[in-house]
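# What the coordinates show
Residue-level listing of the chains:
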Amino acid sequence: MYRTHTCGELRKSDIGKEVTLAGWLQTIRKFGSINFVDLRDRYGITQLLLGEELNKQLDENPLGREFVLQVKGIVTERSNKNANLPTGDIEIKVTSFSILNKSATPPFTIQDDTDGGDDVRMKYRYLDLRRNAVKKNLELRYTVNRAARNYLHENNFMDLETPFLIKSTPEGARDFVVPSRMNAGQFYALPQSPQTFKQLLMVSGYDRYFQIVKCFRDEDLRADRQPEFTQIDCEMSFVEQEDILNMFEGMIKYIFKQVKGIDYTEKVERMSWEDAMWHYGNDKPDIRFGMKICNLKFPSHTFPHQQNISSLINDVNFKVFDDAETVVAIAVPASSEMTRKEIDALTEWVKRPQIGMKGLVYIKYNIDGTLKSSVDKFYHEDKLKKIAEATNANPGDLILILAGAEERTRKAISELRLETGKNKGFRKDDEFKLLWVLDFPLFEYAEDENRWVARHHPFTAPKPDHIEVMINNDPTIADAAEYLKHPYAGIKANAYDMVLNGNEIGGGSIRIFQRGLQEKMFDALGMTKEEALHKFGFLLGAFEYGAPPHGGIAFGFDRLCSILGGSESIRDFIAFPKNNSGRDVMLDAPGTIDEKQLNELSIKLDVQKN
Ligand code: ASP
């Protein structure tokens, strides 16, 4: 037997026992003629005392960091106790030891505050994974996984696997493709998600499905994305939106309880997409704090239901506002004392290319009720006060105003809100606030592709009262349709996102389940009948054989873990992640393949080497 106990297990009550431990040598310290070793395994660290009588053996077989040892000895009370270690009351008086395997000197220290940089840790990820900090993250990941499984199992969901080698039907992101040897010149694609399979499973009658599953998307890796990532993927039959919201609100609350011990008893707030954009400037608002946007000016077609208050800023010949499509403001609480230098720094911040604003207008609403601004030349104090009131500012607040094109300016004020909110300490790591965002637009215009695409995916149903509108080719939301030059521009989707602290952690929709409506949807996306049949004939066919009403959702498992673990990076929660260029630096993948493999695949390369 290699071991009787783990390195995290022994306590005072074990004193006197004869034990065998096995693990890695974390440190060795010499005190006169005796040696102390910290022995580590997955469960903890135990101190070993190697007395004088072992010195001869030690001289012949010197120990080093990360050696794998097996020791036998007696559990004894420590004179110098370590309250920070669960095993800190005891040590093992070693009677014999053997080296099970030696280790080269590791390229970085296996400690929480390691001296290893990112690259070297990724290259030697198997050593990085030995560090407690990383291990804790993977343990949390497993706890989240188990909690999700338990909840779904208790609710009659069935874990069903779906294939990884499928057909390429790029609709959202780019597909990863795999050449088929047996079908020369043909390719499989790796699934971006099991979307169509889970819908087919509904047609087959497996009315509650889930899978914690890898998905693959060949996207440019913007901050903290992985080309392969994991989803908690779910689908249900005979449900309406309300059923799905309740079921999965329940799941996330259950995970909170199991993983963080948090009782999230309140009902998850709900907000329409339009309200999210109006009040927060983005579709995944962080509602841990207020600082809602005040819309001083906006193009009416974007928010047809909102009141126009542009008279507050008009009529003073201030060109910056007059020429802007959109003027938006936020009030930063208790910040009117901000120095010139600090405001200049914020101005530089909004001018960065990622934010893309030309400048920043501010109004200081002083504690004594007076107002001072960077546009005093144009606005009298009473006018400034009216603007301040519109932003819901209190004396002592600082009002920040951005002006420019609608989309960019709204995005910029949203970023500015998050940045200033963070600086004010409003975005606390230990506070968790969930939100459902509902009623997304069904379609959106993809600038880079120059065409209309499904905002969620093409299997998403319109909201029930918009289905007729689509079938009859008779859009009632004429304003948006006319302005945006697409007959369905104003149609809303029966789709929902779950947002946690400003991050989208899940999204899904009620699906189309009739062939006619699905064909209509493909048509609205500019697909010919032939194309639709070629790409999705199997689904259209399945809808002819009694498809039940259904809907589902998928949660980003890696992201959920990183938020629950209080980290910005999903890589910290993946055992073997890829770097920002999609490389696995440990494997050195992707790599070339040899001529023989290429021949078998009937592939000839024509690669411009750079
Ligand atoms: N398959 C969708 C996605 O990956 C989620 C869903 O609609 O269930 O975003």
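Quantities reported herein were computed from a predicted structural model and do not represent experimental measurements. (Residues numbered from 1 in each chain as written. Predicted model: local features only at pLDDT ≥ 70, side-chain atom pairs only at ≥ 80, totals over all residues. Heavy atoms only, no water.)

## Thoughts on helix 7 (residues 273-280)
When you tally the buried positions in helix 7, you get 6 out of 8 residues, the bulk of the element. W273, E274, A276, M277, W278 and Y280 are the residues of helix 7 that are buried. One or two positions beyond helix 7, positive phi appears at G281, with a value near 80 degrees. (Buried < 20%, exposed > 50% of the residue type's maximum accessible area, 1.4 Å probe, protein only. Helix = DSSP H or I, 4+ residues; strand = E, 2+ residues; numbered from the N terminus.)

## Overview of the pattern of salt bridges
Under the defined criterion, the tally for this structure stands at 42 salt bridges. One salt bridge connects R40 with E66, and the closest N-O pair in it is separated by 2.8 Å. A residue pair is termed long-range when its members are at least 10 positions apart, and R40 in strand 2 (residues 34-41) and E66 in the loop between helix 1 (55-60) and strand 4 (68-77) qualify at 26 residues. Each member of the pair, R40 as well as E66, carries the same accessibility label: buried. The shortest N-O distance in the salt bridge between R410 and E406 comes to 2.5 Å. (Salt bridge = Lys/Arg side-chain N within 4 Å of Asp/Glu carboxyl O.)

## Comments concerning the site of the ligand
Near the ligand, the surroundings consist of 13 residues, among which Q195, K198, H456, H457 and R511 are the closest. A distance of 3.0 Å separates an oxygen atom of the ligand from a polar side-chain atom of Q231. With respect to the ligand, the side chain of H456 contributes an N or O atom lying 2.9 Å from an oxygen atom. Here the ligand has 270 Å² of accessible area as a free molecule, and 88% of this is covered by the chains. For the shell around the ligand, the secondary-structure elements that each account for two or more residues are helix 5 (195-203), strand 21 (503-510) and strand 22 (550-556). With 3 residues, the top contributor of residues to the shell around the ligand is strand 22. Per-class residue counts for the shell around the ligand are 2 nonpolar, 8 polar and 3 charged. (Near = heavy atom within 4 Å. Polar contact = N/O pair within 3.5 Å; in protein donor to acceptor, adjacent residues only side chain to side chain. Areas by Shrake-Rupley, 256 points an atom, 1.4 Å probe, with all protein chains shown as cover. Nonpolar A, V, L, I, M, F, W, Y, C, P; charged D, E, K, R; others polar.)

## Concerning the packing of aromatic side chains
One pass over the structure, following the stated rule, counts 22 aromatic pairs. Arranged with centres 6.2 Å apart and planes meeting at 85 degrees, the rings of F318 and Y379 form a pair that is edge-to-face. With F318 in the loop between strand 12 (294-297) and helix 8 (319-322) and Y379 in the loop between strand 15 (371-373) and helix 10 (381-390), the pair connects residues that are 61 residues apart, well separated along the chain. Looking at F318, the relative accessible area reads 8%, which means it is buried. Among the residues examined, Y379 registers a relative accessible area of 2% and is labelled buried. Taking the centre distance of 5.3 Å and the plane angle of 80 degrees together, the rings of F459 and F536 count as edge-to-face. In this pair, F459 sits in the loop between strand 19 (451-454) and helix 12 (464-471) while F536 sits in helix 15 (residues 529-542), placing the two residues 77 residues apart along the sequence. The same class applies to F459 and to F536, which are both buried. Directly above the ring of F289 sits R417, whose terminal nitrogen or CZ lies 4.0 Å from the centroid. (Phe/Tyr/Trp six-rings, centres within 6.5 Å; stacked < 30°, edge-to-face > 60°. Lys NZ or Arg CZ within 6 Å of the ring centre and 35° of its normal.)

## Quick look at unusual backbone geometry
Cis geometry is adopted by the peptide bond preceding P590, which originates at A589 and carries an omega value of 0 degrees. With phi around 65 degrees, N392 is a residue other than glycine that occupies positive phi space. Residue placement: N392 occurs in the loop between helix 10 and strand 16 (398-404).

## Remarks on the packing of helix 9 (residues 340-351) against helix 11 (residues 406-423)
For the pair helix 9 and helix 11, interaxial distance at closest approach is 11 Å and the crossing angle is 140 degrees. What the angle tells us is that helix 9 and helix 11 run oblique. The handedness of the crossing between helix 9 and helix 11 is right-handed. On the side of helix 9, the interface is formed by L346, W349 and V350, while helix 11 contributes E415, L416, E419 and T420. Its residues placed into classes, the contact of helix 9 with helix 11 shows 4 nonpolar, 1 polar and 2 charged. (Axes fitted to C-alpha atoms, helices over the stretch in contact; angles between N-to-C directions. Parallel < 35°, antiparallel > 145°, perpendicular 65-115°, else oblique. Left-handed = near helix turned anticlockwise from the far one by under 90°. Contact = heavy atoms within 4.5 Å.)

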